[in-house]
Amino acid sequence: MSAALRTALTDLVGVEHPIVQTGMGWVAGPSLVSATAEAGGLGILASATMTFAELEAAIAKTKAHTSKPFGVNIRADAVDAVERIDLLIREKVAVASFALAPRQDLIAKLKDAGVVVIPSIGAAKHAVKVAAWGADAVIVQGGEGGGHTGPVATTLLLPSVLDAVDIPVVAAGGFFDGRGLAAALSYGAAGIAMGTRFLLTRESTVPDAVKQEYLRRHLQDTVVSAKVDGIPHRVLNTELVQRLEQSGRWRGLTAAAANAARFKSMTGMKWSSMIRDGLTMRKTKDLSWSQIIMAANTPMLLRAGLVEGNTRAGVLAAGQVTGIIDDLPTCQELVDRIVTDAVARIDALAALRAGTDRARS
């Protein structure tokens, strides 16, 4: 059992430790989420790559393995977003997080039902907006983070958000150990969120060969590419990514259209639903049609790497911390050592202050 750190996040959600496992598509399933919850952190199911029936089954399986709080990540622009939120409310899921932009009406519906709402945001102005809409807390990811990411480093983005809102702020992007947790708390954050670090645990269902590919990489081995889906995306720098970077616009669109067809077939979605999704994305995110078509690349390219283990045909989302991680602990081992190390470092800082006080007396 590791030492405890009580923060606004632990009080808000009812978890033991101020550590969040992010809702990574194809990665954050019942195995990883329940293991994180049992370790005392907040695990978040990734529903964007699940059909409604798969999400329903994933929630049930997670609840069968843990009685502790967990969350579900929702895409507000999904055609069935309201039905998914009704499911969260019906199943008494503790936390709803949002991928990309949330919606005010969905936040209100969740809060009215007693669900804690924690959107992920990438700028102080977005934090101000969702706080005004009633969000209970926010996760802010700096540019070091994997997947869709922005250009501002956590060390600058985090304080800008902390200065802008009065709700709890969870720091993401570049965190993997107790030093990072202690640093985030020193900034004023209520906790940390980690994706890549939890991907590289034993309960993660990512194929072992893919995990080893991550562990072999160095700090310079990720790249932010807009050729994956038209939006800046931090991934491992593989041969496939290099080919995408060198490809022309029409070649990328052709591949994306083919992937859209594959995604439709796999999920059972109708073309009409996918077109409605595209129209919503275009309206809410001010994307061009070419970017919307390219967005179809994301789920299938990530699935090829993270589920099928095909590192030559798939894209591997990765934070820069990939280059400094060198082991595959259990979630319990990971959470315990992070909290224990953070407490030791916080105590060491307090001792520095105590030493100064003694010298003055």
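To start, this report covers the structure provided alongside it.

Reading guide: rules and limits
- Residues numbered from 1 in each chain as written.
- Predicted model: local features only at pLDDT ≥ 70, side-chain atom pairs only at ≥ 80, totals over all residues.
- Heavy atoms only, no water.
- Salt bridge = Lys/Arg side-chain N within 4 Å of Asp/Glu carboxyl O.
- Buried < 20%, exposed > 50% of the residue type's maximum accessible area, 1.4 Å probe, protein only.
- Helix = DSSP H or I, 4+ residues; strand = E, 2+ residues; numbered from the N terminus.
- Pairing = 2+ DSSP bridges.
- Axes fitted to C-alpha atoms, helices over the stretch in contact; angles between N-to-C directions.
- Contact = heavy atoms within 4.5 Å.
- Parallel < 35°, antiparallel > 145°, perpendicular 65-115°, else oblique.
- Left-handed = near helix turned anticlockwise from the far one by under 90°.
- Nonpolar A, V, L, I, M, F, W, Y, C, P; charged D, E, K, R; others polar.

1. Remarks on the pattern of salt bridges
Thinking step 1. Scanning the model with the defined rule gives 14 salt bridges in all.
Thinking step 2. Across the pair Glu 213 and Arg 216 runs a salt bridge whose closest N-O atoms are separated by 2.6 Å.
Thinking step 3. On the basis of relative accessibility, which here comes to 52%, the residue Arg 216 falls in the exposed class.
Thinking step 4. The salt bridge involving Asp 341 is made with Arg 345; its shortest N-O contact spans 3.1 Å. Taken together, the residues span about one helical turn, with Asp 341 and Arg 345 both in helix H16 (residues 331-360) at a distance of four residues.
Thinking step 5. One salt-bridge network, held together by shared partners, links Arg 197, Asp 327 and Arg 337.

2. Topic: unusual backbone geometry
Thinking step 1. The phi dihedral of Trp 26 is positive, around 70°, even though this residue is not glycine.
Thinking step 2. Within the secondary structure layout, Trp 26 lies in the loop between strand S1 (19-21) and helix H2 (30-38).
Thinking step 3. Under the relative-accessibility criterion, Trp 26 is labelled buried at 16%.
Thinking step 4. Residue Lys 92 is not a glycine yet carries a positive backbone phi of 55°.
Thinking step 5. As for its placement among the helices and strands, Lys 92 is situated in the loop between helix H4 (81-90) and strand S4 (95-99).

3. Quick word on the sheet that holds strand S3 (residues 71-75)
Thinking step 1. One closed barrel holds the eight strands; their spatial order is S1-S2-S3-S4-S5-S6-S8-S9, and the pairing between them is parallel. Shown here is a sheet whose adjacent strand axes are inclined to one another by a mean of 25°, direction ignored.
Thinking step 2. Relative to strand S9 (residues 191-194), S1 is paired through three bridges, and the arrangement is parallel. Within S9, the residue paired with Gln 21 across the bridge is Met 194.
Thinking step 3. Along the sheet face, helix H8 (residues 178-187) touches S1, strand S8 (169-172) and S9 and points at about 135° away from the line of S9.

4. What about the packing of helix H3 (residues 52-65) against H4?
When two helices pack together, their arrangement is given by the angle between the helix axes and by the axis-to-axis distance.
Thinking step 1. In contact at an axis separation of 11 Å, H3 and H4 are set at 15° when each is read in the N-to-C sense. When the axis of H3 is compared with that of H4, the two are roughly parallel. For the element pair H3 and H4, the recorded crossing hand is right-handed. Residues Phe 52, Leu 55, Glu 56 and Ile 59 of H3 lie in contact with H4, whose contacting residues are Glu 83, Arg 84, Leu 87, Leu 88 and Arg 90.
Thinking step 2. In the contact of H3 with H4, the residues fall into five nonpolar, no polar and four charged.

5. Quick notes on the side chain of Thr 330
Thinking step 1. By secondary structure assignment, the location of Thr 330 is in the loop between helix H15 (297-306) and H16.
Thinking step 2. We classify Thr 330 as buried; its relative accessible area is 19%.
Thinking step 3. Ignoring anything within four residues of it in the chain, the contact list for Thr 330 reads Arg 202 and Glu 203.

6. A word on the packing of helix H6 (residues 124-132) against helix H7 (residues 154-164)
Thinking step 1. Axis separation between H6 and H7 bottoms out at 8 Å; the angle between their running directions is 35°. For the pair H6 and H7, the sense of crossing is right-handed. Along the contact surface, H6 presents Ala 124, Ala 127 and Val 128, while H7 presents Ser 160, Val 161 and Ala 164.
Thinking step 2. Along the lines of polarity and charge, the residues of the contact of H6 with H7 split into five nonpolar, one polar and no charged.

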